[in-house]
Amino acid sequence: MALASMTGFARSVGESGVVRWTWELRSVNGKSLDLRIRIPAGLEALEPQIRERCSKVLRRGNVSIGLAMHRDQSEQLLQVNESALEAVLSTIDLLKDRVPDLAPPSLDGILSQKGVFELKEPEDDEETQAALHRALLTTLDAALIDLVDMRHTEGQAISDVVRAQFDRISQLTQAAEDLPARHPDAIKERLRKQVADLMEASDGQFDPQRLHQEAVFLATKADIREELDRLHAHVSAARDLMGTGGAVGRRLDFLAQEFNREANTLCSKSNDVDLTAIGLDLKAVIDQMREQIQNLE
């Protein structure tokens, strides 16, 4: 399965009879799948089906789903709002009682009052409404296909960048492993000098047991074998996950945290300028990698 980004946009249009509509889908990063649906009043019954269709093809991301509809105004019916008309007539009767000399209102004046006339959409029969719903969902499916395609295209681009970053991490890890400062003779020489400094500082009165403990501590601090092995293992695991495809963003993000932990430990153990430089380069690449991974589904 191809990797997918969580960022995308799609639009599809459709029409049925005198009704035209446009679907717009926007997707951005999110910890889980969060669907935000905006549809016109009267279509609430479609929301469960909209959610079901989206959930089948999307796993993560904040997704906004909007539907805009337009009906041909020539189909709208002009009707009298009985309650509004009754309110206007009641007000006229009240004014007549209070102002006896009031001129009688004209029919034009009464009908011009706001709300007396209103345009009303014709009510569709069940068959027409069912056909409209089917057409709406069909064009939603088309928009979802386009959204998924866009997310996969973006996901492929991110995948190429992340794979290159895996290669760079592997190269830096190998460079740390190959440093002359990590050779046994170099480590022994550093320990010899550090022990000599300890003996000199104590005027030769250094406790042999304490000396042994300090030597063990220095040797342990200088050993980064475990960190290097873990970095190699994390690279291998991350490549396997990328090869698996699908919604692996969460697991890759967890691995990125593990990468960072090992790079931090390597830097803290370093007592060599070149090793410190490699550790800092590792941290920079890992930070960049994690930024990219957090865009993946």
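Placed above this text is the structure.
Not measured: the values here are computed from a predicted model.

Undergrad: Would you take a moment to explain the overall build of the chain for this structure?
TA: Within the chain, the regular secondary structure consists of nine helices and six strands. The buried share among the 297 residues of the chain stands at 35%. Across the chain, the fraction of contacts at a sequence separation of at least 24, relative to all contacts at a separation of at least 6, is 80%. Put simply, the chain shows about 17500 Å² of open surface, and 52% of that area lies on carbon and sulfur atoms.

Undergrad: Before we go on, may I ask you to explain a negative patch on the surface in this structure?
TA: Together, Glu 82, Glu 86, Asp 93 and Asp 97 make up a negatively charged patch on the protein surface. As for its placement among the helices and strands, Asp 93 is situated in helix H2 (residues 82–98).

Undergrad: Help me understand the packing of aromatic side chains in this model?
TA: Between two aromatic rings, the relevant description is the distance of the centres plus the angle of the planes. Following the criterion strictly, the structure yields one aromatic pair and no others. Ring centres of Phe 166 and Phe 259 lie 6.4 Å apart, and the angle between their planes is 20°; on these two criteria the pair is classed as stacked. Taken together, the residues span a long stretch of sequence, with Phe 166 in helix H4 (residues 126–177) and Phe 259 in helix H8 (residues 249–269) at a distance of 93 residues. Both residues of the pair, Phe 166 and Phe 259, belong to the buried class.

Undergrad: When you look at the sheet that holds strand E2 (residues 19–28) in this model, what are you seeing that I'm missing?
TA: Two orientations exist for strands paired in a sheet by backbone hydrogen bonds: parallel and antiparallel. Across the sheet, which stays open at both edges, the four strands sit in the order E1-E2-E4-E3 with mixed pairing between neighbours. The outermost strands of the open sheet, each flanked by one partner alone, are strand E1 (8–16) and strand E3 (33–38). Adjacent strand axes in the sheet meet at a mean angle of 15° when their direction is disregarded. Strand direction decides the pairing type here: E1 and E2, joined by nine bridges, are antiparallel. The partner of Gly 8 across the bridge, within E2, is Ser 27. Contacts between helix H1 (residues 47–57) and the sheet are confined to E2, E3 and strand E4 (61–71), with E3 contributing the most and set at about 145° to the helix.

Undergrad: Could you clarify how one ought to interpret the pattern of salt bridges in this entry?
TA: Pairs can form between side chains of opposite charge once their charged atoms are near each other. Within the structure shown, the criterion is met by 15 salt bridges. One salt bridge connects Arg 36 with Asp 34, and the closest N-O pair in it is separated by 3.2 Å. The partly exposed category is assigned to Arg 36, whose relative accessible area is 48%. The closest approach of N and O atoms between Lys 269 and Glu 227, which form a salt bridge, is 3.3 Å.

Undergrad: Hey, could you run me through the side chain of His 133 in this one?
TA: Mapped onto the fold, His 133 is located in helix H4. For His 133, the residues in contact, after removing those within four places along its chain, are Leu 43 and Leu 46.

Undergrad: Explain the nonpolar core here, please?
TA: One broad trend across soluble globular proteins is that nonpolar side chains are buried collectively. Among the nonpolar cores identified, the biggest contains 30 residues, and Val 162, Phe 166, Ile 169, Leu 252, Phe 259, Leu 282 and Met 289 are the most heavily contacted of them. Listing elements by their share of this core, those giving two or more residues are H4, helix H7 (225–244), H8 and helix H9 (273–293). The element that contributes the greatest number of residues to this core is H9, accounting for seven residues. Ile 169 has contacts with Val 235, Phe 259, Leu 282, Val 285, Ile 286 and Met 289, leaving out every residue within four places of it along the chain. By size, the runner-up hydrophobic cluster in this structure holds 24 residues, among which are Ala 10, Leu 136, Leu 137 and Leu 140.

Undergrad: What should I look at first to understand the packing of H1 against H4 in this one?
TA: Two measures define how a pair of helices packs: the angle their axes make with one another and the distance between the axes. With their axes 11 Å apart at the nearest point, H1 and H4 run at an angle of 25° to one another. The angle between the axes of H1 and H4 places the two elements in the roughly parallel class. In terms of crossing hand, the pair formed by H1 and H4 is right-handed. Counted together, Gln 49, Ile 50, Arg 53, Cys 54 and Val 57 of H1 and Leu 137, Leu 140, Asp 141, Leu 144 and Val 148 of H4 form the full contact between these two elements. A per-class count over the contact of H1 with H4 returns seven nonpolar, one polar and two charged.

Undergrad: What is the right way to read the pairing of E3 from this model?
TA: Along any regular strand the residues' side chains alternate between the sheet's two faces. Taken together, the six bridges between E3 and E4 define a ladder with parallel strand orientation. Residue pairing in the sheet places Arg 38 in a bridge with Gly 66 of E4. The β-α-β motif built from E3, the intervening H1 and the parallel element E4 has left-handed crossover chirality.

Undergrad: Can you help me understand the environment of Ser 5 in this one?
TA: Tracing the backbone through its elements, the reader meets Ser 5 in the segment before E1. Of the residues examined, Ser 5 reaches a relative accessible area of 1% and is grouped as buried. Along the sequence, Ser 5 and Glu 154 sit 149 residues apart, while their C-alpha atoms lie 5.5 Å from each other. Dropping the residues within four chain positions of it, Ser 5 is found in contact with Arg 151, Glu 154, Gly 155, Ile 158, Asn 295, Leu 296 and Glu 297.

Calculation criteria
- Every chain's residues receive numbers from 1 upward, in the order its sequence appears when written.
- The predicted nature of this model means local features are confined to residues of pLDDT at least 70 and side-chain atom pairs, given and counted, to a pLDDT of 80 or more, with totals for whole chains, interfaces and linings taken over all residues.
- Hydrogen atoms and water are omitted, and side-chain values are computed over all heavy atoms in the structure.
- By definition, any uninterrupted DSSP run of H or I lasting at least four residues is a helix, any uninterrupted run of E lasting at least two residues is a strand, and each is numbered from the N terminus.
- Note on exposure labels: buried denotes an accessible area under 20% of the residue type's maximum, exposed denotes more than 50%, and partly exposed covers the range between, all computed with a 1.4 Å probe on protein chains only.
- Whether two residues are in contact is decided by their heavy atoms: any pair within 4.5 Å suffices.
- With residues, only the protein chains shown are counted as cover, and all accessible areas are computed by Shrake-Rupley using a 1.4 Å probe.
- By definition, no residue in a patch forms a salt bridge, and every one has over 30% relative accessible area; like charges are joined within 9 Å, nonpolar side chains (Val, Leu, Ile, Met, Phe, Trp, Tyr) within 5 Å.
- The term salt bridge refers to a side-chain nitrogen of Lys or Arg lying within 4 Å of a carboxyl oxygen of Asp or Glu.
- Lys and Arg are tallied as positive, Asp and Glu as negative. Neither His nor the chain termini are counted.
- In this description, the location of a charge corresponds to atom NZ of lysine, CZ of arginine, CG of aspartate or CD of glutamate.
- Two rings from Phe, Tyr or Trp (for Trp, the six-membered ring) form a pair when their centres are within 6.5 Å of each other. A pair whose planes differ by under 30 degrees is stacked, one over 60 is edge-to-face, and the rest are tilted.
- DSSP bridges decide pairing: two strands pair if at least two such bridges lie between them.
- Each axis is a line fitted through C-alpha atoms, and for a helix only the stretch in contact is used; angles between axes span 0 to 180 degrees, taken between their N-to-C directions.
- Buried residues of nine kinds, namely Ala, Val, Leu, Ile, Met, Phe, Trp, Tyr and Cys, make up a nonpolar core once their side-chain atoms join them within 4.5 Å.
- What sets the label is the angle itself: under 35 degrees gives roughly parallel, over 145 gives roughly antiparallel, 65 to 115 gives roughly perpendicular, and the rest give oblique.
- Crossing handedness is defined as follows: a turn of the near helix away from the far one that is anticlockwise and smaller than a right angle gives a left-handed crossing, while the clockwise case is right-handed.
- Any residue outside Ala, Val, Leu, Ile, Met, Phe, Trp, Tyr, Cys, Pro, Asp, Glu, Lys and Arg is labelled polar, Gly included; the first ten of those are nonpolar and the last four are charged.
- When the strands point away from the viewer and the path from the first strand over the helix to the second turns clockwise, the crossover is right-handed.

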